[in-house]
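Take a look at the letters that make up each chain.
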Amino acid sequence: MTCFPFSFGKKVSSVAKRDADIFEELSGLQNVRIYTYKEIRNACDNFSSANKIGEGGFGSVYKGLLKDGKVAAIKVLSAESRQGVREFLTEINVISEIEHEHLVKLYGCCVEGNQRILVYNYLENNSLAQTLLGGGYSNIQFDWRTRTRICIGVARGLAFLHEEVRPHIVHRDIKASNILLDKDLTPKISDFGLAKLIPSHMTHVSTRVAGTIGYLAPEYAIRGQLTRKADIYSFGVLLVEIVSGRCNTNASLPIGDQYILEKTYELYERGELVGLVDISLNGFFDAEEACKILKIALLCTQDNPKLRPSMSSVVKMLTGEMDIGESKITKPGLISDIMDLKVREQKNNIKTSSSSYNDSSASDSQGTIKSFATSSATNSVQYDQSR
Ligand SMILES: Nc1ncnc2c1ncn2[C@@H]1O[C@H](COP(=O)(O)OP(=O)(O)OP(=O)(O)O)[C@@H](O)[C@H]1O
Ligand SMILES: [Mg+2]
């Protein structure tokens, strides 16, 4: 349904007139529901703090009740992430067309004046970051069956974006905070297609370093090479988190245990992968299946992107339709290696070209990575040349 319930008042400003022209020109926007600012404001009680449910790199998120009775998650894009109406609506139209059981549904948007607001289906059980990895602040019990269902669901959603949507979508930000859970704990991937909504000079990833860095594939982090294989790497990291119930990086652990991927490979080589399974399961899990999932995770995170399987193969491996094969799993691309590299680079104050990564991608004096976002990495909807 296309509806443009805009009233520009008595005196039509030139900006409003221009926007109206753009709306007309984009009359092919079959899928987008355009909300007025007033509708949005009413839905979330004037953006009250009681309704604020989160804050991410793009801006704040509010829970709201829409006029039609739907409960929505309302994402107000921050000032820096606002772009022109035409570009915004074009991208929104692409995202709105995409529907899948394991993808968060975009209801519509608001583009009044300077405002750029996205309206999504509200998911009742928050994100995997806040529940499974939230350090005991959630009541949800993730038993073994639920975890395997989540792994397969996310894999299916990502396979859909990678292989069925045309043009293919590289998500670019697969991580636990972007996996939301509905009332039945069915996982839904959020924020796909968003990278194109922000101006290319903005380094979205930089704002949420701690939650993002451990998911970045080395070739993307260092050279800005963004292909589906970078998403597959992030998905592999996520798989390990789901099985272990641990965040990918934990600086409070002894060195050697801090990076979960490093630990996983070490245990794989020793034939002790089962030691990684979340102890909170109290032994109630299928050990063979757990080791299989961890091996798939290692396949997905291999340093050489070409060796990583496609997402449709990953789905088949997870569901048992395809053997994971006995071929040797090669060493993962490790974030600790990248961190060393970044620290060294900053110390040497090497100036890099914008095609590799921008200046803010250096690490600070404590060795904390600030950003790996690259100019080439800001376009998430693109054809993949990795195969
Ligand atoms: N559709 C939704 N339903 C319910 N809660 C949501 C929804 N979308 C977002 N949230 C909540 O808002 C929080 C912030 O989301 P947002 O996507 O802005 O940031 P993030 O995922 O934490 O980080 P990033 O900006 O890097 O993706 C999420 O962690 C989640 O708790
Ligand atoms: Mg998000």
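Residues numbered from 1 in each chain as written. Chains lettered and ligands numbered in written order. Predicted model: local features only at pLDDT ≥ 70, side-chain atom pairs only at ≥ 80, totals over all residues.

**Q** Hey, could you run me through the pairing of strand β3 (residues 59-65) in this one?
**A** Across four bridges, the pairing between strand β2 (residues 52-56) and β3 is antiparallel. From the neighbouring strand, lysine 52 faces β3, where its bridge partner is tyrosine 62. Between β2 and β3, which pair antiparallel and follow one another directly, the connecting turn spans two residues. Where β3 and strand β4 (residues 71-77) come together, seven bridges link them in antiparallel fashion. Looking at the pairing, serine 60 lines up with valine 76 of β4. In this antiparallel pair of consecutive strands, β3 and β4, the connection spans five residues, and glycine 69 shows a positive phi of 95°. (Pairing = 2+ DSSP bridges. Helix = DSSP H or I, 4+ residues; strand = E, 2+ residues; numbered from the N terminus.)

**Q** Just to check I follow, could you spell out the UniProt feature "binding site: ATP" (unreviewed entry) in the protein for this structure?
**A** Residues given the UniProt feature "binding site: ATP" (unreviewed entry) here are Lys75. Examined against the element boundaries, lysine 75 turns out to sit in strand β4. Since 25 C-beta atoms lie within 10 Å of it, lysine 75 is described here as buried. Ignoring sequence-local partners within four residues, the contact set of lysine 75 consists of Phe58, Gly59, Val61, Ile117, Leu118 and Tyr120. (UniProt positions renumbered as here; feature names shortened; annotations may be inferred. Buried ≥ 20, exposed ≤ 12 C-beta atoms within 10 Å, placed from the backbone. Contact = placed C-beta atoms within 7 Å.)

**Q** Please clarify how helix α3 (residues 85-97) should be interpreted in this entry.
**A** Quick reminder: α-helices carry 3.6 residues per turn. Residues three or four places apart thus point the same way. In this model α3 runs 18 Å from its N-terminal to its C-terminal C-alpha over 13 residues, within 8% of the 18 Å that 1.5 Å per residue would give. What α3 keeps buried is the set Val85, Phe88, Leu89, Glu91, Ile92, Ile95 and Ser96. The buried residues of α3 all sit within an arc of 165° when viewed along its axis, so they share a single face. (Expected span 1.5 Å × (residues − 1). Arc of directions from axis to C-beta.)

**Q** Would you mind going over the UniProt feature "active site" (unreviewed entry) in the protein with me for this structure?
**A** Residues annotated in UniProt with the feature "active site" (unreviewed entry) correspond here to Asp173. Within the element layout of this structure, aspartate 173 appears in the loop between α4 (144-164) and β7 (179-181). By C-beta crowding, aspartate 173 is classed as buried, having 25 other C-beta atoms within 10 Å. In contact with aspartate 173, other than residues within four places in its own chain, are Asn178, Asp191 and Thr212.

**Q** So what exactly am I meant to see when it comes to the nonpolar core here?
**A** Side chains of a nonpolar character, in soluble globular proteins, are inclined to be buried together. Residues Ile74, Cys109, Ala155 and Leu239 are the most contacted members of the largest nonpolar core, which totals 93 residues. When residues in this core are grouped by element, the largest group, 10 residues, is from helix α7 (residues 228-244). If sequence neighbours within four positions are ignored, leucine 239 has contacts with Cys151, Ile293, Ile296, Ala297 and Cys300. (Core = buried A, V, L, I, M, F, W, Y, C linked by C-beta atoms within 7 Å.)

**Q** Just checking my understanding: could you explain the site of ligand 1 for this structure?
**A** Taken together, 24 residues sit near ligand 1, with Gly54, Gly56, Gly57, Ala73 and Ser177 positioned nearest. Going through the elements one at a time, β2, β4 and β6 (117-121) are the ones with two or more residues in the shell around ligand 1. Element by element, the count of residues in the shell around ligand 1 is highest for β2, at four residues. (Near = placed C-beta within 6 Å.)

**Q** Looking at this model, I keep getting lost on the packing of α4 against α7. Mind explaining?
**A** Helices that pack against each other are described as a pair by the angle of their axes relative to one another and the distance between those axes. In contact at an axis separation of 10 Å, α4 and α7 are set at 170° when each is read in the N-to-C sense. With respect to α7, the element α4 is oriented roughly antiparallel. Of α7, the residues touching α4 (which contributes Arg147, Ile150, Cys151, Val154, Ala155, Leu158 and His162) are Arg228, Asp231, Phe235, Leu238, Leu239, Ile242 and Val243. In terms of residue class, the contact of α4 with α7 is made up of 10 nonpolar, one polar and three charged. (Axes fitted to C-alpha atoms, helices over the stretch in contact; angles between N-to-C directions. Parallel < 35°, antiparallel > 145°, perpendicular 65-115°, else oblique. Nonpolar A, V, L, I, M, F, W, Y, C, P; charged D, E, K, R; others polar.)

**Q** Looking at this structure, I do not really get the environment of lysine 52. What am I missing?
**A** Note on placement: lysine 52 falls in strand β2. Owing to 15 C-beta atoms within 10 Å, lysine 52 belongs among the partly exposed residues under this scheme. Between the alpha carbons of lysine 52 and tyrosine 62 there is a distance of 4.2 Å; along the sequence they are 10 residues apart. If we skip the residues at most four places from it in the chain, lysine 52 touches Ser60 and Tyr62.

**Q** I tried to follow unusual backbone geometry on my own but got confused; where do I start?
**A** Trans is the prevailing form of peptide bonds, just as negative phi is the prevailing case for residues other than glycine. Cis geometry marks the peptide bond from arginine 166 to proline 167; its omega dihedral reads -10°. Within the secondary structure layout, proline 167 lies in the loop between α4 and β7. One non-glycine residue, phenylalanine 47, lies in positive phi territory at about 55°. The exposure class of phenylalanine 47 is partly exposed, given the 15 C-beta atoms found within 10 Å. With phi around 65°, leucine 185 is a residue other than glycine that occupies positive phi space. Looking at where leucine 185 falls in the secondary structure, it is placed in the loop between β7 and β8 (187-189). Judged by C-beta crowding, with 20 C-beta atoms within 10 Å, leucine 185 ranks as buried.

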